[in-house]
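# Residue-level structural notes
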2 protein chains.
Amino acid sequence: MSSTIITPAPAPTTLSSTLVARLRDSIMRGDLLPGSKLNLGRLRAAFGVSLSPLREALCRLENDGLVALIDQRGYRVTPVSAENLTEIIRLRVEFEGLAIKEAIEHGDVAWEGRILAALHQLNRCKRGSRSTAELESWEVAHRAFHAELISACGMPLLRQFCATLHDQSDRYRRIFLKKHPPDRDVPAEHTAMAHAVIERRTRDASKILRVHIERTGRNIQAVLPRK
Amino acid sequence: MSSTIITPAPAPTTLSSTLVARLRDSIMRGDLLPGSKLNLGRLRAAFGVSLSPLREALCRLENDGLVALIDQRGYRVTPVSAENLTEIIRLRVEFEGLAIKEAIEHGDVAWEGRILAALHQLNRCKRGSRSTAELESWEVAHRAFHAELISACGMPLLRQFCATLHDQSDRYRRIFLKKHPPDRDVPAEHTAMAHAVIERRTRDASKILRVHIERTGRNIQAVLPRK
DNA sequence: TCCTCCCACAAAATCGATTTTTTTCGTTTT
DNA sequence: AAAACGAAAAAAATCGATTTTGTGGGAGGA
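Residues numbered from 1 in each chain as written. Chains lettered and ligands numbered in written order. Predicted model: local features only at pLDDT ≥ 70, side-chain atom pairs only at ≥ 80, totals over all residues. Heavy atoms only, no water.

## Topic: the protein's contact with DNA strand C
Near DNA strand C there are 20 residues, and of these R55 and Q72 of chain A together with T14, L15 and S52 of chain B occur at the shortest range. Contact between DNA strand C and S16 of chain B: a phosphate oxygen at 2.9 Å from a side-chain N or O atom of the residue. Among the secondary structure elements, those contributing two or more residues to the surface near DNA strand C are β1 (37-38) and α2 (40-47) of chain A together with α1 (15-28) and α3 (51-63) of chain B. Looking at the surface near DNA strand C residue by residue, the class counts come to 6 nonpolar, 8 polar and 6 charged. (Near = heavy atom within 4 Å. Polar contact = N/O pair within 3.5 Å; in protein donor to acceptor, adjacent residues only side chain to side chain. Helix = DSSP H or I, 4+ residues; strand = E, 2+ residues; numbered from the N terminus. Nonpolar A, V, L, I, M, F, W, Y, C, P; charged D, E, K, R; others polar.)

## What to know about the nonpolar core
If you look at the biggest cluster of nonpolar residues, it comprises 91 residues, and the most contacted ones within it are L91, F95 and L158 of chain A together with L91, F95 and L158 of chain B. Not counting chain neighbours up to four residues away, the residues in contact with F95 of chain B comprise F95, L158 and F161 of chain A together with L158, F161, C162 and L165 of chain B. Counting residues in each nonpolar core, the second largest holds 38 residues, with I27 and V67 of chain A together with V20 and A57 of chain B among its members. (Core = buried A, V, L, I, M, F, W, Y, C linked by side-chain atoms within 4.5 Å. Buried < 20%, exposed > 50% of the residue type's maximum accessible area, 1.4 Å probe, protein only. Contact = heavy atoms within 4.5 Å.)

## Examining the packing of aromatic side chains
The tally for this structure, following the rule as stated, stands at 8 aromatic pairs over all chains. Ring centres of F161 of chain A and F95 of chain B lie 5.7 Å apart, and the angle between their planes is 55 degrees; this geometry places the pair in the tilted category. On the criterion of chain membership, the pair formed by F161 of chain A in helix α7 (residues 156-176) and F95 of chain B in helix α4 (residues 82-106) is interchain, its members lying in two chains. The exposure classification of F161 of chain A matches that of F95 of chain B, with both residues buried. Clustering of aromatic rings is evident, with ring pairs tying together F95 and F161 of chain A together with F95 and F161 of chain B. For the cation-ring pair, R171 of chain A lies above Y172 of chain A, with the distance from its terminal atom to the ring centre recorded as 5.9 Å. (Phe/Tyr/Trp six-rings, centres within 6.5 Å; stacked < 30°, edge-to-face > 60°. Lys NZ or Arg CZ within 6 Å of the ring centre and 35° of its normal.)

## With respect to the interface of chain A and chain B
Each partner contributes residues to the interface: chain A has 30 residues there, and chain B has 30 residues. Both faces combined, the contact of chain A with chain B buries some 2,600 Å², and carbon together with sulfur accounts for 59% of it. Area buried by chain A at its contact with chain B is led by E87, L157 and F161 of chain A, which between them contribute 21% of it. On the surface where chain A and chain B come into contact, there are 4 salt bridges. (Buried area = accessible area lost by both parts, 1.4 Å probe. Salt bridge = Lys/Arg side-chain N within 4 Å of Asp/Glu carboxyl O.)

## Describing the packing of helix α4 (residues 82-106) of chain A against helix α9 (residues 202-223) of chain A
Residue and element names in this part refer to chain A. Between α4 and α9, whose axes approach to 10 Å, the crossing angle comes to 165 degrees. Judged by the angle between their axes, α4 and α9 are roughly antiparallel. Once α4 is placed against α9, the crossing between them reads as right-handed. When α4 is examined against α9, the residues A82, L85, T86, I89, R92, V93, E96, G97, I100, K101 and I104 are found in contact with a partner set consisting of T202, A205, S206, L209, R210, I213, E214, G217, I220 and Q221. Class assignment of the residues belonging to the contact of α4 with α9 gives a composition of 10 nonpolar, 6 polar and 5 charged. (Axes fitted to C-alpha atoms, helices over the stretch in contact; angles between N-to-C directions. Parallel < 35°, antiparallel > 145°, perpendicular 65-115°, else oblique. Left-handed = near helix turned anticlockwise from the far one by under 90°.)

## Quick word on the relation of the copies chain A and chain B
Once turned by 180 degrees and shifted 0.0 Å along the axis, chain A lies on chain B with an RMSD of 0.0 Å. Viewed as a symmetry operation, the transformation between the two copies matches a two-fold axis. Taking the C-alpha atom as reference, chain A places N63 of chain A closest to the rotation axis, 2.6 Å from it. Interface overlap between copies is the fraction of interface residues in one copy that are interface residues in the other; for chain A against chain B it reaches 100%, indicating a shared surface. (Least-squares fit on C-alpha atoms with pLDDT ≥ 70 in both.)

## What to know about the sheet that holds strand β3 (residues 74-77) of chain B
Taken in spatial order, the 3 strands line up as β1-β3-β2 (chain B) in an open sheet, and their pairing is antiparallel. Whereas interior strands pair on both sides, the edge strands pair on one side only; in this sheet they are β1 (37-38) and β2 (67-70) of chain B. (Pairing = 2+ DSSP bridges.)

## Description of the pairing of β2 of chain B
All names here are of chain B. Because side chains alternate across β2, one face comprises the buried residues V67 and L69, and the other comprises A68 and I70, none of which is buried. Of the pairings in the sheet, the one linking β2 to β3 comprises 4 bridges and is antiparallel in character. Across the sheet, I70 pairs through a bridge with G74, a residue of β3. What sits between β2 and β3 in their antiparallel hairpin is a turn of 3 residues, with Q72 showing a positive phi close to 70 degrees.

## Some points on the sheet that holds strand β3 (residues 74-77) of chain A
One open sheet holds the 3 strands; their spatial order is β1-β3-β2 (chain A), and the pairing between them is antiparallel. Bordering the open sheet on either side are β1 and β2 (67-70) of chain A, each of which pairs with just one other strand.

## Observations regarding α4 of chain B
Residues separated by three or four positions in an α-helix point in the same direction, a consequence of the helix having 3.6 residues per turn. Over its 25 residues, α4 of chain B extends 36 Å from the first C-alpha to the last, a length consistent with the 36 Å expected when each residue adds 1.5 Å. Of all 25 residues in α4 of chain B, 18 are buried; the element is thus mostly enclosed. (Expected span 1.5 Å × (residues − 1).)

## What about the protein's contact with DNA strand D?
DNA strand D sits among 20 residues. The nearest are T14, L15 and S52 of chain A together with K37 and R55 of chain B. The share of sugar and phosphate among atoms of DNA strand D within 4 Å of the protein is 86%. One of the side-chain N or O atoms of T14 of chain A is found 2.8 Å from a phosphate oxygen in DNA strand D. With respect to DNA strand D, the backbone of Q72 of chain B contributes an N or O atom lying 2.9 Å from a phosphate oxygen.

## Quick look at the confidence of the model for chain A
Residues with a pLDDT of 70 or more make up 93% of chain A, whose mean pLDDT is 92. Note that pLDDT drops below 50 for residues 1-10 of chain A; the model gives that stretch 0 contacts with residues more than four away or on any other chain. (pLDDT = per-residue confidence, 0-100.)

## Considering helix α2 (residues 40-47) of chain B
If you check the start of α2 of chain B, you find a side-chain oxygen 2.9 Å away from the backbone N of G41 of chain B, and it comes from N39 of chain B. Two residues or fewer after α2 of chain B comes G48 of chain B, characterised by a positive phi angle close to 65 degrees.

## A look at the pattern of salt bridges
Side chains that carry opposite charge are capable of pairing whenever their charged atoms lie near each other. Taken as a whole, this structure holds 43 salt bridges over all chains when the rule is applied. Here D167 of chain B and R24 of chain B are joined by a salt bridge, their closest N and O atoms 3.6 Å apart. Of the two residues, D167 of chain B is situated in helix α7 (residues 156-176) and R24 of chain B in helix α1; the sequence distance between them amounts to 143 residues. Accessibility expressed as a relative area gives 9% for D167 of chain B, which makes it buried. Among the residues examined, R24 of chain B registers a relative accessible area of 22% and is labelled partly exposed. Among the charged side chains, a network of salt bridges with common partners joins R24, R29, D31, D64, E136, E139, R143, D167, D170, R173 and R174 of chain A.

Below you can see the structure in the form of structure tokens.
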């Protein structure tokens, strides 16, 4: 019993789980193009793994709507379309709107604190930065902030649905707004949202959230290639 | 080109896909108990398949929320709880309510026809029957009817979410109301719902749907074992 | 020229065996 | 007696190889 350092998280992970994260990143950043076929042999080689964990990882990405499996002809990256994006945005407004209402009703002081913490971390990330690592840390903080807003809604399934939809719209944003400068007033909106939520201004919070989601949607639609 | 009979469905299926259906049935009917551990070795033997397709099938059932995977310690059947059921019911009301509103707005005559067809098929199934096959055909028709009601909503993702939630609440109903006689007025409610939808009485349709879903929820809650 | 059939190739799906990790259960230590 | 340990057993995860299925192209026939 000397000064043994207890590892905070034993990192109980598996190859498949690691692969899920790696593949998700590749799809999210657009390295794997929407609609493109995922050749198992090539992927296996590229990631240096066997077929079993690769297949399992892809299967798990199906849950998130990032890939689709067709019997006997393998996996492809989920294609993108204006209609699909429209639905994602619409459902995000509905689902997150419901979730935030419930969260405002049930959230306690600890939750308020977590929101402020998440907001702080988010605002510390320079969005305009050129560095990939910094952009990535903004993405992480942004996702965490939105998740925290609804974390007190008391509905695990709903939170999962929201997370899935958020991921899907993030893919659009990251691929199609890659070269666009981020909106100026986004940080202000996040701050306004956090305060509206904490002060239990349900109406305000819902509205800011809706505007926030829909504006991003329109920005993407504007540059989405037409069919 | 003699009298070649064209197979209606080439059945482009794979072992994994077959397994998904078989496992889903086992879980839905409660053969595999909620919360129970799924021993891969035993399952492999029971279904006469290898690990690869079995693993893939289980992974796909995760999407439907019927099983859960924990790294390094395998799969288990999703446990049940009063809170979980409450959330499922709540979300079904919200999601299907939204979907039916959109469907009423966008549905055409062909859709109306499909609803009546589905309703007819449903009403032809004797719910009170003792035969397993007949009960099963009612389940199929019932699911098809509810799916048809919202099929015109123009939102594939939402339909998928609704289908998932429907499956989950069906599992509760099939397991916990196995020995209870079905409610007398359920067929009448289906008919009323179909007509309200076709006649574009949005308000009525939503209300009937909500009552329909919530009553089943209460019936299950009443017999759900307390913790 | 166009269509159909057949073969070789590529890819997906599946299997059986091997490697890791967790769980179990007796044994020891305090 | 309770906690701690460790080796054996069980189970999950992974791998490499085999089988099955889809695909593309060319020969043969209309």
